[in-house]
Amino acid sequence: MKNNYKIISKNYKSPFGEIDIIATKNNCLVAIEVKGGVYPHQKINKTKIDKIIKTLQFFIYQSKNKLNYSSMQIDTILIYTNGSNYTIEHITNITI
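Now for a look at the structure at hand. Because the structure is predicted, anything quoted here is derived from the model rather than measured. (Residues numbered from 1 in each chain as written. Predicted model: local features only at pLDDT ≥ 70, side-chain atom pairs only at ≥ 80, totals over all residues. Heavy atoms only, no water.)

### A closer look at the nonpolar core
Here is step 1: One finds Y12, I19, I22, L29, A31, I44, I49, I52, L56, F59, I74 and I94 forming the largest nonpolar core, which totals twelve residues.
Here is step 2: Elements with a contribution of two residues or more to this core: β2 (17-25), β3 (28-37) and α1 (46-62).
Here is step 3: No other element matches the four residues that α1 contributes to this core.
Here is step 4: In contact with I74, other than residues within four places in its own chain, are A31, I49, I52, I53, T92, N93 and I94. (Core = buried A, V, L, I, M, F, W, Y, C linked by side-chain atoms within 4.5 Å. Buried < 20%, exposed > 50% of the residue type's maximum accessible area, 1.4 Å probe, protein only. Helix = DSSP H or I, 4+ residues; strand = E, 2+ residues; numbered from the N terminus. Contact = heavy atoms within 4.5 Å.)

### Describing the packing of aromatic side chains
Here is step 1: Considering all chains together, one arrives at two aromatic pairs under this definition.
Here is step 2: The interplanar angle of 85° and the centroid separation of 5.0 Å between the aromatic rings of Y12 and F59 together place this pair among those described as edge-to-face. Remark: F59 occurs in helix α1 and Y12 occurs in strand β1 (residues 6-14); sequence separation between them is 47 residues. Residues Y12 and F59 agree in their burial class; the two are buried.
Here is step 3: When the centroid spacing of 5.9 Å and the interplanar angle of 70° are considered together, the rings of F16 and F58 count as edge-to-face. Separated by 42 residues along the polypeptide, F16 in the loop between β1 and β2 and F58 in helix α1 bring together distant segments of the chain.
Here is step 4: Overall, the relative accessible area of 22% leaves F58 in the partly exposed class. (Phe/Tyr/Trp six-rings, centres within 6.5 Å; stacked < 30°, edge-to-face > 60°.)

### Structural notes on the pattern of salt bridges
Here is step 1: Tallied over the entire structure, the rule returns three salt bridges.
Here is step 2: Note that K35 is salt-bridged to E33, the shortest N-O span being 3.2 Å. The same class applies to K35 and to E33, which are both buried.
Here is step 3: The shortest N-O distance in the salt bridge between D50 and K46 comes to 3.0 Å. On the criterion of helical spacing, the pair formed by D50 and K46 is a turn pair, its members being four residues apart in helix α1.
Here is step 4: Shared partners join several salt bridges into a network, and the residues in it are E33, K35 and K48. (Salt bridge = Lys/Arg side-chain N within 4 Å of Asp/Glu carboxyl O.)

Interpretation note: all reported values are geometric properties and have no functional meaning in isolation.
Have a look at this one:
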């Protein structure tokens, strides 16, 4: 939220998968995948992105034209953990 994202849904589920956060920013619809662990970046792959895309399409379809955004993107928030220490990285507009 501190980066001007407006959260419109959390843990949105569809027959195709789940999106952790659906938000908007500057007239862009954003699906945000949150992963944690020692190597959270390894949990984001083409299969996961394909599920996110299908789920976001289902979200838009379920909204029945109530949404009007100029673009869409997928972001990820990676929470690297090492014992009691952690680092958070936000990557915008990911692709594989």
